[in-house]
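Observations on the three-dimensional arrangement
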Amino acid sequence: MKLTCTPIDGVMVAETSRVIDHRGAFARLFCEQALSEVLGGRHIVQINHSRTSQAGAVRGMHYQHAPQAEMKLVRCLKGRVWDVAVDLRKNSATFLRWHAVELSEQNELMMVIPEGCAHGFQVLEAESELLYLHTALYSPELEGGVRHDDPVLNIDWPLEMMDISTRDKTHTLINEDYCGVEL
Ligand SMILES: Cc1cn([C@H]2C[C@H](O)[C@@H](COP(=O)(O)OP(=O)(O)O[C@H]3O[C@@H](C)C(=O)[C@@H](O)[C@H]3O)O2)c(=O)[nH]c1=O
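Residues numbered from 1 in each chain as written. Predicted model: local features only at pLDDT ≥ 70, side-chain atom pairs only at ≥ 80, totals over all residues. Heavy atoms only, no water.

Here's the deal with the site of the ligand
As a matter of local geometry, the ligand sits amid Asn48, Arg59, Gly60, His62, Lys72, His119, Gly120, Tyr132, His134, Tyr138 and Arg167. One nitrogen or oxygen atom from the side chain of His62 is found 2.8 Å from an oxygen atom belonging to the ligand. Within the contact set of the ligand, an oxygen atom lies 3.0 Å away from a side-chain nitrogen or oxygen of Arg167. When the ligand sits alone it has 660 Å² of accessible area, and the protein chains cover 63% of it. Of all the secondary-structure elements, those providing two or more residues to the shell around the ligand are β6 (58–64), β11 (117–123) and β12 (128–134). Among the elements that take part in the shell around the ligand, β6 stands out by supplying three residues, more than any other. Its residues assigned to classes, the shell around the ligand shows two nonpolar, six polar and three charged. (Near = heavy atom within 4 Å. Polar contact = N/O pair within 3.5 Å; in protein donor to acceptor, adjacent residues only side chain to side chain. Areas by Shrake-Rupley, 256 points an atom, 1.4 Å probe, with all protein chains shown as cover. Helix = DSSP H or I, 4+ residues; strand = E, 2+ residues; numbered from the N terminus. Nonpolar A, V, L, I, M, F, W, Y, C, P; charged D, E, K, R; others polar.)

Structural notes on the side chain of His171
As for its position among the elements, His171 is in the segment after α2 (166–169). With sequence-adjacent residues up to four places away left out, His171 is seen in contact with Gly60, Met61, His62, Gly145, Val146 and Arg147. (Contact = heavy atoms within 4.5 Å.)

Focus on the pattern of salt bridges
All chains considered together, the criterion is met by 11 salt bridges. Measuring nitrogen to oxygen at the nearest pair gives 3.2 Å for the salt bridge that ties Arg80 to Glu102. A residue pair is termed long-range when its members are at least 10 positions apart, and Arg80 in strand β8 (residues 80–87) and Glu102 in strand β9 (residues 98–104) qualify at 22 residues. In this structure, the salt-bridge partner of Asp87 is Arg89, at a minimum N-O distance of 2.8 Å. For Asp87, a relative accessible area of 0% puts it in the buried group. The class for Arg89 is buried, based on a relative accessible area of 14%. Each of Arg80, Glu102 and Glu125 takes part in a single network of salt bridges with overlapping partners. (Salt bridge = Lys/Arg side-chain N within 4 Å of Asp/Glu carboxyl O. Buried < 20%, exposed > 50% of the residue type's maximum accessible area, 1.4 Å probe, protein only.)

A short note on the sheet that holds strand β1 (residues 2–5)
With respect to topology, six strands assemble into an open sheet ordered β1-β2-β10-β7-β12-β5, the strand pairing being antiparallel. The open sheet terminates on both sides in strands that have one partner only, identified here as β1 and β5 (46–52). The mean angle between the axes of side-by-side strands here comes to 25°, regardless of whether they run parallel or antiparallel. In this sheet, β12 lies alongside β5 in antiparallel orientation, the contact comprising seven bridges. By the bridge assignment for β12, Gln46 is matched with His134. (Pairing = 2+ DSSP bridges. Axes fitted to C-alpha atoms, helices over the stretch in contact; angles between N-to-C directions.)

Some points on unusual backbone geometry
A cis amide bond links Gly60 with the next residue in sequence, Met61, at an omega value of 5°. Looking at the secondary structure, you find Met61 in strand β6. Geometrically, the link from Ala66 to Pro67 is a cis peptide bond, its omega value of 5° lying close to zero. Summarising the element assignment, Pro67 is placed in the loop between β6 and β7 (72–78). One non-glycine residue, Asn154, adopts positive backbone phi at about 55°. The topology assignment puts Asn154 in the loop between β13 (143–145) and α2.

As for the sheet that holds β6
Hydrogen bonds along the backbone pair up the strands of a sheet, which may run parallel or antiparallel. Here we have five strands laid out as an open sheet, ordered β9-β8-β11-β6-β13, and antiparallel in their pairing. Looking at which strands have only one partner, the edges of the open sheet turn out to be β9 and β13. Each strand of the sheet is rotated relative to its neighbour by a mean of 30°, with strand direction disregarded. Bridging between β6 and β11 involves three bridges; their strand directions are antiparallel.

In structure tokens:
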């Protein structure tokens, strides 16, 4: 797995590849050893999958608060998505900056999103599927969110935004008192 840094500390892109032969293909989706530098002692404790029907649909921007703050590794198994990480770490040099990468079935990239960064995505092709690897258990009471259309973040979304959940439409907007996520 080849790892590439992004302008946001800890947000990384891992390149993977599949082996193709006459029967089809074989791919390694996760390797604790190859990702040991990224994981830094963390362990994958939950694997989730989502399918999103409509192109243009946006999910996010989500994170979990301590003590269940988590690193997520995200890849697209089917279709194409515009995957976005937002830095919410209060003392980070890139506080409130975002970084986006297109993830697709073809490019086989995996986005690494560390604790204190929110994650969201827009589906570029109908019926796109994502696979998530998580380093903490799902804890609904510790979920946090920021708005995908928050003017302070000013995230570029390639398509018209649609099919957004009620929860995602109602995350609190960032104001001048916002001081970020404590880890
Ligand atoms: C995230 C999650 C949801 N659920 C349930 C709650 C709800 O009934 C249903 C759908 O949940 P949500 O609306 O939160 O699904 P969704 O908006 O797709 O949530 C996901 O969004 C992206 C951006 C992420 O980064 C993920 O970590 C996750 O937060 O599934 C679980 O049982 N386990 C989970 O880990």
